[in-house]
Every structure is written in structure tokens, then in C-alpha cells.
Amino acid sequence: MAILVTGGAGYIGSHAVQRLLRDGRDVLVVDNLMRGHQEAVRRLEPKAGSSARLAFARLDINSRPALEKLLRDHKVDSVLHFAALAAVGESVQDPLLYYHNNTAGMVSLLQACDAVGVTRMVFSSSCATYGQPPATHGPVGEDCPQNPISPYGATKLHGEHLLRDYMMGCNLAKKPFAYAALRYFNVAGSDRTGLIGEVHDPETHLIPVILQHALGKRPHVGIFGTDYPTPDGTCIRDYVHVEDLIDAHVKVLEALKPGDERHYNLGIGTGYSVRQIIDGVRRVTGKELKVVEQPRRPGDPPQLFNNPAKIQRELGWKAQVTSLDETIESAWRFMKNHPNGYAG
């Protein structure tokens with residue numbers, strides 16, 4: 001039986017494929033390559049001596065009949081669902097694109113899974129489903145009210161609702177199914193062998209943006225707001241290393257039993273400010289950085305970081321990479337060797 005990885009040519013999805021192959025699992029990757037990179041998949045292969053197989057199909061998950069055929073042909077029984085557009089600003093500018101890709105795509109995927117009898121799914125959700133928790137809230141647990149403030153966050157919450165409602169139907173029909181929705185905070189870093197990494201166009205994530213400046217590909221680094229009620233006045237976020245994130249997916253997938261409905265936040269449980277990230281890049285790269293202070297952006301909460309107690313308690317998962325410098329070093333290793341992403 002194979003595991004389907006939707007969006008498996010993307011940043012997080014490709015790291016999931018790499019881990020599954022190392023674990024000796026057969027993997028089917030489906031990606032429309034709208035934002036993914038087929039070269040990331042081409043670089044991945046099972047470890048020596050393994051019988052694990054990797055298949056790739058360039059396909060949009062909204063193409064339900066073709067998707068259903070793939071699931072049957074590859075005998076897929078489990079899904080890691082990463083396929084989604086994930087830029088908050090873009091979702092505000094083009095919400096219909098996000099609802100088509102993220103929400104309608106989930107409907108199509110569930111229909112295909114239902115037709116072939118897939119029994120487990122781990123869904124890539126987001127802390128964006130929480131919206132803007134009160135500044136006094138502190139570390140965000142799974143009990144925090146979900147009130148997204150962007151179309152992107154709304155589409156992720158719709159994905160969770162679709163899974164919940166599909167599960168109700170499975171229970172009534174006595175069909176075995178289980179799912180987990182994993183709400184990420186900020187994902188960072190790259191595979192520590194340097195084989196694959198984070199490549200977006202345009203890049204909007206803070207660490208790679210600063211590293212691009214360190215490479216001379218950006219004129220400066222912008223800080224949006226320096227008067228927040230935080231120790232140094234800049235926003236604080238939780239950064240979990242991508243390999244730790246994928247380790248959580250594997251543990252959750254293995255733990256799912258028929259009838260399970262699980263929800264976990266994924267992060268390290270502490271936050272780093274924008275200035276701390278900039279200082280970390282200075283330490284790791286040895287480069288001088290030009291910083292430009294700019295006005296706040298609307299909708300940025302002063303601090304947002306995770307309370308990882310639930311997944312630690314229930315599954316024993318805990319982030320292994322908690323050093324900011326180690327996370328930055330892994331991202332820098334890939335970017336130095338691939339200044340133009342997978343193009344060179």
C-alpha cells in the first residue's frame with residue numbers, strides 16, 4: 001500500500017516524501033507544479049537496499065476522476081495532504097483562487113479517497129485558523145477559538161470542517177476512516193543534508209528573505225513595526241524546523257486508528273522576534289545586513305507562538321531542533337548552494 005503526498009513537490013511536501021522514502025514507504029506524489037518544483041522530487045530516492053517506490057504525477061487535485069484512478073492504480077490507503085496555496089496577502093487579493101484550490105480541492109480529494117476506500121488522512125492546517133488571538137493569550141493551545149482573519153486561514157478552517165463532516169458520514173456508514181488536522185506555526189529550515197530546501201517565488205517567509213539579502217539578492221531587510229508590546233518592539237513568532245514538522249506527521253499518521261479525529265498545534269513552544277531572527281542570520285552568515293524600519297502591516301499580532309503540550313502528552317512528539325542558529329544554518333546551507341533555487 002502507498003501513501004499519497006499531495007503537494008509533494010513543494011517545500012514541506014518534498015521533505016515529507018524524503019522522510020517516507022527513508023522509512024521504506026511507497027509514495028505517490030501528486031502536484032500541479034503551480035508552486036512546486038519537480039526537481040525536488042527528482043532528487044529523492046529510497047535508501048540503498050530499500051524496495052520502496054516513488055511515483056510522480058503532475059495533476060491538480062481538482063481533477064477528481066484522474067486522481068481517483070491514480071489512487072486505485074497505486075493502492076493508496078493513506079494521505080498526507082499538503083497541496084494548498086499559502087500566501088496570506090495573495091489570498092486577500094484573490095480569494096476565489098484560494099477557495100478553488102484549497103477548499104474545492106479538499107472536496108475533490110475527499111471524493112476520490114471515499115471512492116477507493118482511503119482510511120487515513122493527515123491534513124496540513126494552519127495557526128492562521130486562530131486569526132489574531134488576544135495579546136494576553138500567551139502560548140496558543142488547541143482550545144484557542146478559531147476565528148481566521150484572511151481567506152487563506154478561512155480555507156484551512158473549511159478543510160478541517162470538511163474532514164469533520166466527512167468523518168460523521170463515515171461513522172454513519174460504518175466505513176473505517178481517521179484524520180488529523182495539524183495546525184502549523186512558522187515552518188523554517190531545510191533538509192540538513194542540503195539536498196532539498198525552501199524555494200518560493202516570490203519569497204515571503206522571513207528567514208529565507210533575510211538570507212536572500214545576505215546573498216545580495218535583496219537590497220535590504222524590512223522590519224514592519226518596531227513599537228509592538230514585545231521586549232524589542234518587533235513581532236514574535238514560533239519557528240519549527242521542517243524536519244521536526246515532518247516527524248510529527250509520521251508519528252500522527254502511525255497513531256491514527258479508525259474513528260480518530262485529532263487536532264494538534266505544531267511548534268517549538270517559544271517565540272523569536274524579528275530582530276532576533278536578523279541577529280541570528282548575522283551570526284550564521286557572517287554578513288552585514290542593511291535593516292530598514294517600516295510601518296506596521298495590518299493584521300500582524302504582536303506575538304504568536306504555540307503550546308505544544310497536547311501532542312507531547314498524547315504522542316511523545318517534541319521538536320528536536322530548538323536552536324535558532326541551527327535552523328538558520330540548515331536554510332543557509334541550501335540557499336548558498338542553490339542561490340537560484342532548483343534552477344541552479
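Residues numbered from 1 in each chain as written. Predicted model: local features only at pLDDT ≥ 70, side-chain atom pairs only at ≥ 80, totals over all residues. Heavy atoms only, no water.

Peer 1: Explanation requested: the pairing of strand β6 (residues 178-184) in the structure shown.
Peer 2: Looking along a regular strand, one sees side chains alternate from face to face of the sheet. Counting buried positions over the 7 residues of β6 gives 7, a clear majority of the element. Side chains of β6 alternate between two faces, with A178, A180, L182 and Y184 and Y179, A181 and R183 buried alike. Where strand β5 (residues 120-126) and β6 come together, 7 bridges link them in parallel fashion. Paired with R120 across the bridge in β6 is A178. The pairing of β6 with strand β11 (residues 261-266) spans 6 bridges and is parallel. By the bridge assignment, R183 is partnered in β11 with N265. (Buried < 20%, exposed > 50% of the residue type's maximum accessible area, 1.4 Å probe, protein only. Helix = DSSP H or I, 4+ residues; strand = E, 2+ residues; numbered from the N terminus. Pairing = 2+ DSSP bridges.)

Peer 1: Help me out: how do you make sense of the sheet that holds strand β12 (residues 272-273) in this one?
Peer 2: By definition, the strands of a sheet pair up through backbone hydrogen bonds, in either a parallel or an antiparallel sense. In spatial order, the strands read β12-β9-β14; together these 3 strands make up an open sheet with mixed pairing. In this open sheet, the two edge strands, each paired with only one partner strand, are β12 and β14 (303-304). The pairing of strand β9 (residues 236-237) with β12 spans 2 bridges and is antiparallel. Counted as the bridge partner of I236 is S273 from β12.

Peer 1: I tried to follow empty space enclosed by the protein on my own but got confused; where do I start?
Peer 2: One way to see where empty space is left: roll a probe the size of a water molecule over the atoms. Counted under the stated rule, the structure contains 4 cavities of 30 Å³ or more. Looking at the largest cavity, its volume works out to about 60 Å³. Looking at the largest cavity, the residues that line it are H81, F82, A83, A84, N102, F123, T155, K156 and G159. Among the elements that make up the lining of the largest cavity, the one with the highest residue count is helix α6 (residues 151-173) (3 residues). (1 Å grid on protein atoms, 1.4 Å probe; cavity = no way out; pocket = protein on both sides within 12 Å on 5 of 7 lines; lining within 4 Å. Points joined across faces, edges and corners; volume = space filled by probe spheres on them.)

Peer 1: Looking at this structure, I do not really get the pattern of salt bridges. What am I missing?
Peer 2: Where side chains of opposite charge bring their charged atoms close, a pairing between them can arise. For the coordinates displayed, the defined rule picks out 23 salt bridges. R183 is the partner of E160 in a salt bridge, and the nearest nitrogen-oxygen pair spans 2.8 Å. Of this pair, E160 sits in helix α6 while R183 sits in strand β6; the two residues are 23 residues apart in sequence, bridging distant segments of the chain. The closest approach of N and O atoms between R283 and D325, which form a salt bridge, is 2.7 Å. Of this pair, R283 sits in helix α9 (residues 274-285) while D325 sits in helix α11 (residues 324-337); the two residues are 42 residues apart in sequence, bridging distant segments of the chain. With a relative accessible area of 22%, D325 lands in the partly exposed category. Sharing partners across several salt bridges, the network here consists of R19, D23, D247 and K251. (Salt bridge = Lys/Arg side-chain N within 4 Å of Asp/Glu carboxyl O.)

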